[in-house]
Amino acid sequence: MTLDELSSLLISGVHVTMEVHGLEAATYVAYRLEGERRDPICGPDGQTLQFPSRYAAQVALRDAGVTEATFVHRSAYNEMIGMDTAGQDTELRETLRLSQV
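Bear in mind that the values here come from a model prediction, so they are computed numbers and not experimental data.

### Some details on the packing of aromatic side chains
So, step 1. Applying the stated rule across the entire model yields zero aromatic pairs.
So, step 2. Directly above the aromatic system of Tyr31 lies the positively charged group of Arg38, at a separation of 6.0 Å from the ring centroid.
So, step 3. One cation-aromatic arrangement involves Arg54 over Phe71; the distance from NZ or CZ to the ring centre is 4.7 Å.

In structure tokens:
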């Protein structure tokens, strides 16, 4: 799904749940959640859109008509302090309202 397709879906009144994952230092990817499925937002060429910052992802989603998104940042904190929590993800989840200014 592209940003334009996402925008059309929102205009038609469909509720959309979005997550944005911070993958690396400067790479963020937006996903549309549908049940257990997580589909990345793609560019016109079909490639997954990668945003250079959290702010860039917020602006793009807001401009597409998204009003709320959950930002997910995974952490290796448990490994850094030596906790034996194999198989458990440590992540920060923050849901933001994306205001239309």
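### A short note on the pairing of strand β2 (residues 27–34)
So, step 1. Burial within β2 is extensive, with seven of its eight residues counted as buried.
So, step 2. As defined by bridge partners, strand β1 (residues 17–24) adjoins β2 across seven bridges and the pair is classed as antiparallel. Following the sheet pairing, Val20 is matched in β2 by Ala30.
So, step 3. Following β1, the chain reverses through two residues before pairing antiparallel with β2.
So, step 4. One ladder, built from four bridges, connects β2 with strand β3 (residues 37–40); its direction is antiparallel. Bridge pairing links Arg32 to Asp39 in β3.

### Details of the side chain of Thr2
So, step 1. Along the polypeptide, Thr2 turns up in the segment before α1 (3–11).
So, step 2. Excluding residues within four positions of it along the chain, Thr2 makes contact with Ile41, Cys42, Gly43 and Pro44.

### Here we look at the pattern of salt bridges
So, step 1. Throughout the structure, instances matching the rule amount to nine salt bridges.
So, step 2. Ionic pairing is found between Arg97 and Glu68, a salt bridge with its closest N-O pair at 3.4 Å. Placement of the pair is Arg97 in strand β5 (residues 90–97) and Glu68 in strand β4 (residues 68–75), with a sequence separation of 29 residues.
So, step 3. Note on Arg97: relative accessible area 62%, which makes it exposed.
So, step 4. Residues participating in the shared-partner salt-bridge network are Glu19, Arg38, Arg74, Glu91 and Arg93.

### Brief notes about the packing of α1 against helix α2 (residues 54–64)
The axes of two packed helices give the description: the angle between them and the distance between them.
So, step 1. Orientation of α1 relative to α2, taken along the N-to-C sense of each, is 45°, at an axis distance of 8 Å. Between α1 and α2, the angle falls in the class oblique. Contacts between α1 and α2 involve Leu3, Leu6, Ser7 and Leu10 from the former and Ala60, Leu61 and Ala64 from the latter.
So, step 2. The class makeup of the residues in the contact of α1 with α2 is six nonpolar, one polar and no charged.

### Quick look at the side chain of Thr70
So, step 1. The topology assignment puts Thr70 in strand β4.
So, step 2. If sequence neighbours within four positions are ignored, Thr70 has contacts with Met18, Glu19, Val20, Arg93, Glu94 and Thr95.

### Observations regarding the nonpolar core
So, step 1. By size, the foremost hydrophobic cluster in this structure holds 17 residues, and its most contacted members are Leu6, Met18, Val20, Ala30 and Leu61.
So, step 2. For this core, the secondary-structure elements that each account for two or more residues are β1, β2, α2 and β4.
So, step 3. At four residues, α2 tops the list of elements feeding residues into this core.
So, step 4. Setting aside anything within four residues of it in sequence, one finds Val20 in contact with Tyr28, Val29, Ala30, Ala57, Leu61, Thr70, Phe71 and Val72.

Here is what the cut-offs are and how they apply
Residues numbered from 1 in each chain as written. Predicted model: local features only at pLDDT ≥ 70, side-chain atom pairs only at ≥ 80, totals over all residues. Heavy atoms only, no water. Phe/Tyr/Trp six-rings, centres within 6.5 Å; stacked < 30°, edge-to-face > 60°. Lys NZ or Arg CZ within 6 Å of the ring centre and 35° of its normal. Buried < 20%, exposed > 50% of the residue type's maximum accessible area, 1.4 Å probe, protein only. Helix = DSSP H or I, 4+ residues; strand = E, 2+ residues; numbered from the N terminus. Pairing = 2+ DSSP bridges. Contact = heavy atoms within 4.5 Å. Salt bridge = Lys/Arg side-chain N within 4 Å of Asp/Glu carboxyl O. Axes fitted to C-alpha atoms, helices over the stretch in contact; angles between N-to-C directions. Parallel < 35°, antiparallel > 145°, perpendicular 65-115°, else oblique. Nonpolar A, V, L, I, M, F, W, Y, C, P; charged D, E, K, R; others polar. Core = buried A, V, L, I, M, F, W, Y, C linked by side-chain atoms within 4.5 Å.

The quantities given are spatial measurements derived from coordinates; they are silent on function.
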